[in-house]
Amino acid sequence: MDCHTHRVLFIVKPGFRRHIASILQMIDTIFRGEWFDPQIDIPRPVRLSREQVQEIWGGARKAMGEQLWEEMAEYLLSGEVQPIILDAPYGPLLSLPREEFPAAMRRLVGPTDPRRGGPDTLRGRFAEIPPASPTYYKNVLHAATEPEEVEANLKTLRLAREWRYQGEEDPD
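What counts and how
- Every chain begins its residue count from 1, and numbering advances along the sequence as written.
- The model is predicted, so local features are restricted to residues of pLDDT at least 70 and side-chain atom pairs to those at 80 or more, both for listing and for counting; the totals for chains, interfaces and linings are taken over all residues.
- Derived side-chain values reflect all non-hydrogen atoms in the structure, with water molecules and hydrogen atoms excluded from consideration.
- Only DSSP runs of H or I covering at least 4 residues are called helices, and only runs of E covering at least 2 are called strands; the numbering of each starts at the N terminus.
- Burial classes: relative accessible area under 20% of the type maximum marks a residue as buried, over 50% as exposed, and values in between as partly exposed (1.4 Å probe, protein chains only).
- The term polar contact refers here to a pair of N or O atoms within 3.5 Å; inside protein, the definition further demands a hydrogen-donor-capable atom paired with an acceptor-capable atom, and it admits residues adjacent in sequence only when both atoms are side-chain atoms.
- By definition, residues are in contact when any of their heavy atoms lie within 4.5 Å.
- Throughout this description, the term nonpolar core refers to a set of buried Ala, Val, Leu, Ile, Met, Phe, Trp, Tyr and Cys residues connected via side-chain atoms within 4.5 Å.
- The arc in question is traced by the directions running from the helix axis to the C-beta atoms.
- Any two strands are treated as partners once DSSP identifies two or more bridges connecting them.

A. Representation of the side chain of Gln52 in the model. Its place among the elements puts Gln52 in helix α2 (residues 50-57). On the basis of relative accessibility, which here comes to 3%, the residue Gln52 falls in the buried class. Engagement of the side chain of Gln52 in a polar contact is seen with the backbone nitrogen of Ser49, the distance being 2.8 Å. Setting aside chain neighbours within four positions, we find Gln52 in contact with Arg47, Thr156, Leu157 and Arg158.

B. Main features of unusual backbone geometry. In the Ramachandran plot, Val140 falls in the positive-phi region, its phi being about 80° despite a non-glycine side chain. Structurally, Val140 is set in the loop between α6 (122-126) and β5 (141-144). Look at Val140 and you get buried, because its relative accessible area is 0%. If you check the backbone angles, Arg158 has positive phi at about 60° while not being a glycine. On the basis of relative accessibility, which here comes to 58%, the residue Arg158 falls in the exposed class.

C. The nonpolar core, seen in detail. Membership of the largest hydrophobic core comes to 46 residues, with the highest contact counts inside it found for Phe10, Leu48, Trp57 and Leu122. Setting aside residues up to four positions removed in sequence, Trp57 forms contacts with Ile11, Lys13, Leu48, Trp69, Met72, Leu76 and His142.

D. Examining α2 more closely. Where α2 is concerned, the buried positions are Gln52, Val53, Ile56 and Trp57. Projected onto a plane normal to the axis of α2, the buried residues spread over an arc of 100° and lie on a single side. Residues of α2 that are exposed and point over 90 degrees away from its buried face: Glu51 and Glu55. Summarising the contacts, the buried residues of α2 are in contact with β1 (5-12), β3 (46-47), α3 (61-64), α4 (66-76), β5 and α7 (147-156).

E. Summary view of the pairing of β5. Here β5 shows a buried face lined by Leu141 and Ala143 and a second buried face lined by His142 and Ala144. Examined bridge by bridge, β1 and β5 share four bridges and lie antiparallel to one another. Bridging across to β5, Leu9 finds its partner in Ala144.

F. Representation of the environment of Gln82. Along the polypeptide, Gln82 turns up in strand β4 (residues 80-89). With a relative accessible area of 4%, Gln82 lands in the buried category. Residue contacts for Gln82: discarding those within four places in its chain leaves Phe10, Ile11, Val12, Arg17, Ile20, Ile42, Pro43, Arg44 and Pro45. A distance of 2.6 Å separates a polar side-chain atom of Gln82 from the backbone oxygen of Pro43.

G. Representation of the environment of Arg61. Residue position: Arg61 is located in helix α3. Counting along the chain gives 12 residues from Arg61 to Ala73, while the straight-line C-alpha distance between them is 9.8 Å. Once you skip the residues sitting within four places of it in the chain, Arg61 turns out to touch Gln54, Glu66, Trp69 and Glu70. Among the polar contacts listed, one links the side chain of Arg61 to the side chain of Glu66, at a separation of 2.9 Å.

H. Representation of helix α5 (residues 101-109) in the model. Those residues of α5 lying buried are Phe101, Pro102, Ala104, Met105, Leu108 and Val109. Here the buried residues of α5 occupy an arc of 160° about the axis, which is enough to place them on one side. Residues of α5 that are buried sit in contact with β1, α1 (20-31), β4, α6 and β5. Of the residues one or two after α5, Gly110 is the one with positive phi, at around 90°.

Following this line, the structure appears as C-alpha coordinates:
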(Lines give C-alpha, C1' and ligand atoms only; values in the text may rest on other atoms or scores of the structure.)
Protein backbone atom coordinates (compact mmCIF):
# COMPACT_ATOMS: atom_id res chain seq x y z
CA MET A 1 0.00 0.00 0.00
CA ASP A 2 1.41 3.40 -0.82
CA CYS A 3 1.71 5.99 1.92
CA HIS A 4 -0.95 8.21 0.34
CA THR A 5 -3.77 5.67 0.47
CA HIS A 6 -6.35 4.77 3.09
CA ARG A 7 -7.38 1.11 3.21
CA VAL A 8 -10.64 -0.11 4.73
CA LEU A 9 -11.71 -3.73 5.05
CA PHE A 10 -15.29 -4.90 5.27
CA ILE A 11 -16.09 -8.52 6.07
CA VAL A 12 -19.64 -9.29 4.97
CA LYS A 13 -20.98 -11.89 7.39
CA PRO A 14 -22.70 -15.21 6.60
CA GLY A 15 -26.14 -14.85 5.08
CA PHE A 16 -25.57 -11.30 3.84
CA ARG A 17 -23.52 -11.80 0.65
CA ARG A 18 -26.70 -11.17 -1.35
CA HIS A 19 -26.43 -7.52 -0.24
CA ILE A 20 -22.95 -6.87 -1.65
CA ALA A 21 -24.19 -5.06 -4.76
CA SER A 22 -26.50 -2.90 -2.62
CA ILE A 23 -23.69 -2.17 -0.13
CA LEU A 24 -21.39 -1.06 -2.96
CA GLN A 25 -24.21 1.01 -4.49
CA MET A 26 -24.81 2.75 -1.15
CA ILE A 27 -21.09 3.54 -0.84
CA ASP A 28 -21.08 4.91 -4.39
CA THR A 29 -24.19 7.02 -3.73
CA ILE A 30 -22.82 8.46 -0.47
CA PHE A 31 -19.44 9.35 -1.95
CA ARG A 32 -20.52 10.41 -5.45
CA GLY A 33 -19.03 13.79 -6.23
CA GLU A 34 -16.04 13.37 -3.94
CA TRP A 35 -12.59 14.04 -5.37
CA PHE A 36 -11.57 10.42 -5.12
CA ASP A 37 -12.73 7.24 -6.72
CA PRO A 38 -12.16 4.44 -4.20
CA GLN A 39 -10.58 1.32 -5.60
CA ILE A 40 -12.65 -1.71 -4.60
CA ASP A 41 -11.43 -5.29 -4.56
CA ILE A 42 -13.62 -8.28 -3.77
CA PRO A 43 -11.34 -11.29 -3.18
CA ARG A 44 -12.57 -14.85 -2.92
CA PRO A 45 -15.07 -15.69 -0.14
CA VAL A 46 -13.52 -17.17 3.01
CA ARG A 47 -14.70 -19.95 5.30
CA LEU A 48 -13.40 -18.90 8.72
CA SER A 49 -11.68 -21.16 11.23
CA ARG A 50 -12.27 -20.81 14.97
CA GLU A 51 -8.76 -19.35 15.26
CA GLN A 52 -9.56 -16.66 12.68
CA VAL A 53 -12.77 -15.75 14.51
CA GLN A 54 -10.78 -15.47 17.75
CA GLU A 55 -8.10 -13.29 16.13
CA ILE A 56 -10.55 -10.86 14.52
CA TRP A 57 -13.39 -10.75 17.09
CA GLY A 58 -11.66 -12.02 20.27
CA GLY A 59 -11.40 -8.52 21.68
CA ALA A 60 -15.20 -8.43 22.05
CA ARG A 61 -15.33 -11.60 24.15
CA LYS A 62 -15.18 -9.91 27.55
CA ALA A 63 -17.66 -7.14 26.68
CA MET A 64 -20.15 -9.59 25.13
CA GLY A 65 -19.87 -12.29 27.77
CA GLU A 66 -18.86 -15.86 27.07
CA GLN A 67 -22.26 -17.23 26.02
CA LEU A 68 -23.10 -14.47 23.53
CA TRP A 69 -19.55 -14.51 22.15
CA GLU A 70 -19.76 -18.27 21.58
CA GLU A 71 -23.10 -17.80 19.78
CA MET A 72 -21.47 -15.17 17.58
CA ALA A 73 -18.49 -17.44 16.88
CA GLU A 74 -20.81 -20.27 15.82
CA TYR A 75 -22.70 -17.87 13.57
CA LEU A 76 -19.46 -16.66 11.94
CA LEU A 77 -18.40 -20.28 11.39
CA SER A 78 -21.76 -21.17 9.81
CA GLY A 79 -20.93 -20.00 6.28
CA GLU A 80 -18.55 -18.07 4.09
CA VAL A 81 -17.74 -14.43 4.70
CA GLN A 82 -16.93 -12.01 1.90
CA PRO A 83 -14.04 -9.57 2.29
CA ILE A 84 -14.31 -6.23 0.51
CA ILE A 85 -11.21 -4.03 0.38
CA LEU A 86 -11.59 -0.32 -0.34
CA ASP A 87 -8.76 2.11 -0.95
CA ALA A 88 -8.89 5.87 -1.34
CA PRO A 89 -6.32 8.66 -1.35
CA TYR A 90 -5.53 10.45 1.90
CA GLY A 91 -7.15 13.77 2.51
CA PRO A 92 -10.42 15.15 3.83
CA LEU A 93 -13.55 14.53 1.84
CA LEU A 94 -15.21 17.45 0.10
CA SER A 95 -18.61 16.96 1.72
CA LEU A 96 -19.56 17.98 5.22
CA PRO A 97 -18.41 16.95 7.68
CA ARG A 98 -14.92 17.22 6.21
CA GLU A 99 -13.51 13.99 7.51
CA GLU A 100 -10.97 11.44 6.37
CA PHE A 101 -12.05 8.34 4.46
CA PRO A 102 -11.76 5.91 7.47
CA ALA A 103 -13.92 8.16 9.67
CA ALA A 104 -16.47 8.51 6.88
CA MET A 105 -16.52 4.73 6.49
CA ARG A 106 -17.05 4.21 10.24
CA ARG A 107 -19.97 6.66 10.12
CA LEU A 108 -21.43 4.92 7.08
CA VAL A 109 -21.08 1.46 8.66
CA GLY A 110 -22.87 2.56 11.82
CA PRO A 111 -22.85 1.22 15.37
CA THR A 112 -22.25 -2.44 16.20
CA ASP A 113 -25.90 -2.75 17.23
CA PRO A 114 -27.58 -1.93 13.91
CA ARG A 115 -30.88 -1.03 15.61
CA ARG A 116 -29.13 2.14 16.80
CA GLY A 117 -27.85 3.12 13.35
CA GLY A 118 -30.84 3.77 11.18
CA PRO A 119 -31.32 3.23 7.46
CA ASP A 120 -28.55 5.68 6.51
CA THR A 121 -25.95 3.20 7.81
CA LEU A 122 -24.96 -0.10 6.21
CA ARG A 123 -25.68 -2.04 9.38
CA GLY A 124 -28.98 -0.28 9.96
CA ARG A 125 -30.20 -0.74 6.41
CA PHE A 126 -29.31 -4.40 5.90
CA ALA A 127 -29.53 -6.03 9.34
CA GLU A 128 -32.31 -8.51 9.97
CA ILE A 129 -32.50 -8.43 13.76
CA PRO A 130 -35.76 -8.47 15.73
CA PRO A 131 -36.04 -5.47 18.09
CA ALA A 132 -35.68 -7.44 21.33
CA SER A 133 -33.03 -9.89 20.07
CA PRO A 134 -29.62 -9.99 21.77
CA THR A 135 -28.05 -11.09 18.46
CA TYR A 136 -26.79 -7.65 17.45
CA TYR A 137 -23.62 -9.35 16.15
CA LYS A 138 -25.64 -10.38 13.08
CA ASN A 139 -25.02 -6.87 11.85
CA VAL A 140 -24.21 -7.47 8.17
CA LEU A 141 -20.51 -6.69 8.28
CA HIS A 142 -17.35 -6.15 10.24
CA ALA A 143 -15.39 -3.02 9.40
CA ALA A 144 -11.69 -2.44 9.99
CA THR A 145 -10.67 1.16 9.34
CA GLU A 146 -7.41 1.65 11.25
CA PRO A 147 -4.31 0.64 9.24
CA GLU A 148 -2.98 -1.82 11.82
CA GLU A 149 -6.36 -3.53 12.22
CA VAL A 150 -6.89 -3.73 8.45
CA GLU A 151 -3.51 -5.34 7.86
CA ALA A 152 -3.93 -7.71 10.83
CA ASN A 153 -7.37 -8.78 9.57
CA LEU A 154 -6.04 -9.31 6.03
CA LYS A 155 -3.20 -11.42 7.43
CA THR A 156 -5.65 -13.43 9.55
CA LEU A 157 -7.83 -14.01 6.48
CA ARG A 158 -4.68 -15.05 4.60
CA LEU A 159 -5.31 -12.30 2.06
CA ALA A 160 -2.29 -10.13 2.85
CA ARG A 161 -0.15 -11.67 0.10
CA GLU A 162 -3.07 -12.21 -2.27
CA TRP A 163 -3.95 -8.52 -2.26
CA ARG A 164 -1.43 -6.21 -3.92
CA TYR A 165 -1.84 -2.71 -5.22
CA GLN A 166 -1.13 -1.90 -8.83
CA GLY A 167 2.56 -1.42 -9.30
CA GLU A 168 3.62 -3.46 -6.26
CA GLU A 169 6.12 -6.19 -6.89
CA ASP A 170 5.41 -9.79 -5.93
CA PRO A 171 7.80 -10.57 -3.05
CA ASP A 172 8.52 -14.08 -4.42
